[in-house]
Amino acid sequence: MGNWRDGRGTLTVGAGTESGAEVRVGPEIGLEIAASYGARRRGLLGRDGIDGALLITPCGSVHTFRMRFAIDVAYLDRELTVLDVHTLRPGRLPLPRWRARHVLEAEAGAMAGWGLRVGTRVGVRTAG
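Residues numbered from 1 in each chain as written. Predicted model: local features only at pLDDT ≥ 70, side-chain atom pairs only at ≥ 80, totals over all residues. Heavy atoms only, no water.

*Asks:* Whenever I open this one, the pattern of salt bridges confuses me. Can you help?
*Replies:* Pairing between side chains of opposite charge can happen when their charged atoms approach one another. Throughout the structure, instances matching the rule amount to five salt bridges. Glutamate 32 is the partner of arginine 8 in a salt bridge, and the nearest nitrogen-oxygen pair spans 4.0 Å. Here glutamate 32 lies in strand β4 (residues 28-34) and arginine 8 lies in strand β1 (residues 7-13), a separation of 24 residues in the sequence. Residue class for arginine 8 comes out exposed when judged on its relative accessible area of 56%. The salt bridge partner of arginine 97 is aspartate 84, with a shortest N-O separation of 2.9 Å. Pair noted here: arginine 97 is in the loop between β7 (82-88) and β8 (102-107) and aspartate 84 is in strand β7, with a separation of 13 residues, a long-range link. Each of Arg8, Glu32 and Arg47 takes part in a single network of salt bridges with overlapping partners. (Salt bridge = Lys/Arg side-chain N within 4 Å of Asp/Glu carboxyl O. Helix = DSSP H or I, 4+ residues; strand = E, 2+ residues; numbered from the N terminus. Buried < 20%, exposed > 50% of the residue type's maximum accessible area, 1.4 Å probe, protein only.)

Have a look at this one:
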């Protein structure tokens, strides 16, 4: 997935391949993709929540200044494998993750419900 564009898609938790065929292990979640400078900068600011998740790409760090709600943040590497997962309250600035190439954001508690944890691989299917 080299050319990312702003838009919508589907996130699959626990995605992988077996004998060349894609295998879906976990739930499918509605996904917004923020790839342009403006969309990445805006992120979840000004919102009261999100249904599903937001993928910010490319991205290695985030903040929650001026956020209205707590979020789960998953840092992903180039292969969309989870490097780290944290829950952040508004007004926080966590350390950047140097190997991260993408960041996944969702409402606090959502990622645990999806079974998303360090080492999990996710799949992204874009709409269109």
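*Asks:* What's the story with the side chain of threonine 64 in this structure? I'm lost.
*Replies:* Summarising the element assignment, threonine 64 is placed in the loop between β5 (53-56) and β6 (71-76). Among the polar contacts listed, one links the side chain of threonine 64 to the backbone oxygen of arginine 89, at a separation of 2.6 Å. Setting aside anything within four residues of it in sequence, one finds threonine 64 in contact with Ile71, Leu88, Arg89, Pro90, Gly91 and Arg92. (Polar contact = N/O pair within 3.5 Å; in protein donor to acceptor, adjacent residues only side chain to side chain. Contact = heavy atoms within 4.5 Å.)

*Asks:* Explain the packing of aromatic side chains to me, please; I cannot follow it from the model alone.
*Replies:* Aromatic ring pairs are reported here in terms of the distance separating the ring centres and the angle at which the planes meet. Evaluation of the coordinates by the stated rule reveals zero aromatic pairs. The ring of tyrosine 75 is capped by arginine 97, whose NZ or CZ atom sits 4.6 Å from the centre of that ring. (Phe/Tyr/Trp six-rings, centres within 6.5 Å; stacked < 30°, edge-to-face > 60°. Lys NZ or Arg CZ within 6 Å of the ring centre and 35° of its normal.)

*Asks:* What should I look at first to understand the nonpolar core in this one?
*Replies:* Note on soluble globular proteins: their nonpolar side chains tend to be buried together. By size, the foremost hydrophobic cluster in this structure holds 20 residues, and its most contacted members are Leu11, Leu31, Leu76, Leu104, Trp114, Leu116 and Val124. Mapped by element, the contributors of at least two residues to this core are β1, β4, β5, β6, β8, α2 (110-114) and β9 (122-126). When residues in this core are grouped by element, the largest group, three residues, is from β4. The contact partners of leucine 116, leaving out residues within four places of it in the chain, are Val13, Ala74, Val82, Val85, Leu104, Met111 and Val122. With 16 residues, the next largest nonpolar core counts Val62, Phe69, Val73 and Val103 among its residues. (Core = buried A, V, L, I, M, F, W, Y, C linked by side-chain atoms within 4.5 Å.)

*Asks:* Is there a simple way to think about the side chain of aspartate 72 in this case?
*Replies:* Following the sequence through the fold, aspartate 72 ends up in strand β6. Although buried, aspartate 72 forms no salt bridge, and the nearest oppositely charged side chain, arginine 89, lies 12 Å from it. Here threonine 87 takes part through its side chain, which lies 2.7 Å from a polar atom of the side chain of aspartate 72. There is a polar contact of 3.2 Å between the side chain of aspartate 72 and the backbone nitrogen of alanine 110. Look past the residues within four positions of aspartate 72 in its chain and what remains in contact with it is His86, Thr87, Leu104, Glu105, Ala106, Glu107, Ala108, Gly109, Ala110, Met111 and Ala112. (Lys, Arg positive; Asp, Glu negative; His and termini not counted.)

*Asks:* What exactly am I supposed to notice about the pairing of β1 here?
*Replies:* Regular strands place their side chains on alternate faces of the sheet. Counting buried positions over the seven residues of β1 gives five, a clear majority of the element. Across six bridges, the pairing between β1 and β4 is antiparallel. When the bridges of β4 are listed, threonine 12 appears paired with glutamate 28. Relative to β9, β1 runs antiparallel, the two being bridged by five bridges. (Pairing = 2+ DSSP bridges.)

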